[in-house]
Amino acid sequence: MQRLQHITTLISSLLLPVVFIFAPMIMRIACGGYYRETVTSLRLLLISVFFVAINAFRVQFLVVCGKTHIFSRIHVIMAMLGLPLMFLLIYSFSYKGAALATITLEAGIFFITYITVRKLKFAQ
């Protein structure tokens, strides 16, 4: 599991900065022009994609090990905290606020899952 996690993190660490750097060109190709606000939002969302990528195997590990109640609890708690945050930031900062709230949610899920998986003890 750790090896696959390492490979996934490495690939994300290589590809996401490339997309981050070339976001204006990608946006120009996809949208036909340069839109600074959209590029900023894309870059912010790439940060949340990084958290999802580095957490994917830990989340799957919980499910495979029969710890779905822990997986569910983490996501329900983060949804309860994140949805009000999402509405507040969208109201305050529009779609940039949605991207910032998404980063916060995914980072929270990552850190809680990381701590939880480290605390679990499995019979050998």
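Scroll up for the structure.
What this report covers is the structure whose coordinates are included nearby.

## Focus: the environment of Ile112
Tracing the backbone shows Ile112 in helix α4 (residues 68–119). When the C-alpha positions of Ile112 and Ile74 are compared, they lie 7.2 Å apart, and in sequence the two are 38 residues distant. Not counting chain neighbours up to four residues away, the residues in contact with Ile112 comprise Ile74 and Met78.

## Overview of unusual backbone geometry
Positive phi is not limited to glycine here, since Ser94 has a value of about 60°. On the accessibility criterion, Ser94 (39% relative accessible area) is partly exposed.

## Some details on the nonpolar core
Judged by nonpolar contacts, Leu62, Ile70, Ile74, Met78, Met86, Leu89, Ala98, Ala101, Leu105, Ile109 and Val117 together constitute the single largest core of 11 residues. No other element matches the 10 residues that α4 contributes to this core. When residues no more than four places from it in sequence are discounted, the contact partners of Ala101 are Leu85, Met86 and Leu89.

## Focus: a nonpolar patch on the surface
A surface patch of nonpolar side chains, amounting to about 720 Å² of accessible area, comprises Val18, Phe20, Ile21, Phe22, Met25, Ile26, Ile29 and Ile47. Among the elements of the structure, α1 (2–21) and α2 (23–31) are those that each provide at least two residues to the nonpolar patch. Along the chain, Ile47 falls in helix α3 (residues 36–64).

Parameters and conventions
Position labels on residues start from 1 in each chain and follow its written sequence. Selection of residues for local features in this predicted model requires a pLDDT of at least 70, selection of side-chain atom pairs for listing and counting requires 80 or more, and totals for whole chains, interfaces and linings are taken over all residues. Side-chain metrics rest on all non-hydrogen atoms present in the structure, leaving aside hydrogens and water. Secondary structure elements follow DSSP: runs of H or I of four or more residues count as helices, runs of E of two or more count as strands, with numbering from the N terminus. Here, residues are in contact when the closest pair of their heavy atoms is within 4.5 Å. Categorising residues by exposure relies on relative accessible area from a 1.4 Å probe, with only protein chains included: less than 20% of the type maximum marks a residue as buried, more than 50% marks it as exposed, and the intermediate range marks it as partly exposed. By nonpolar core we mean a set of buried residues, namely Ala, Val, Leu, Ile, Met, Phe, Trp, Tyr and Cys, connected to one another through side-chain atoms within 4.5 Å. What goes into a patch is any residue over 30% in relative accessible area without a salt bridge, connected to like charges within 9 Å or, for nonpolar side chains (Val, Leu, Ile, Met, Phe, Trp, Tyr), within 5 Å. Using a 1.4 Å probe, the Shrake-Rupley method yields the accessible areas, and only the shown protein chains count as cover for residues. The working definition used for a salt bridge is a side-chain nitrogen of Lys or Arg within 4 Å of a carboxyl oxygen of Asp or Glu.

Fair warning: the whole summary comes from geometry, so function is off the table for now.
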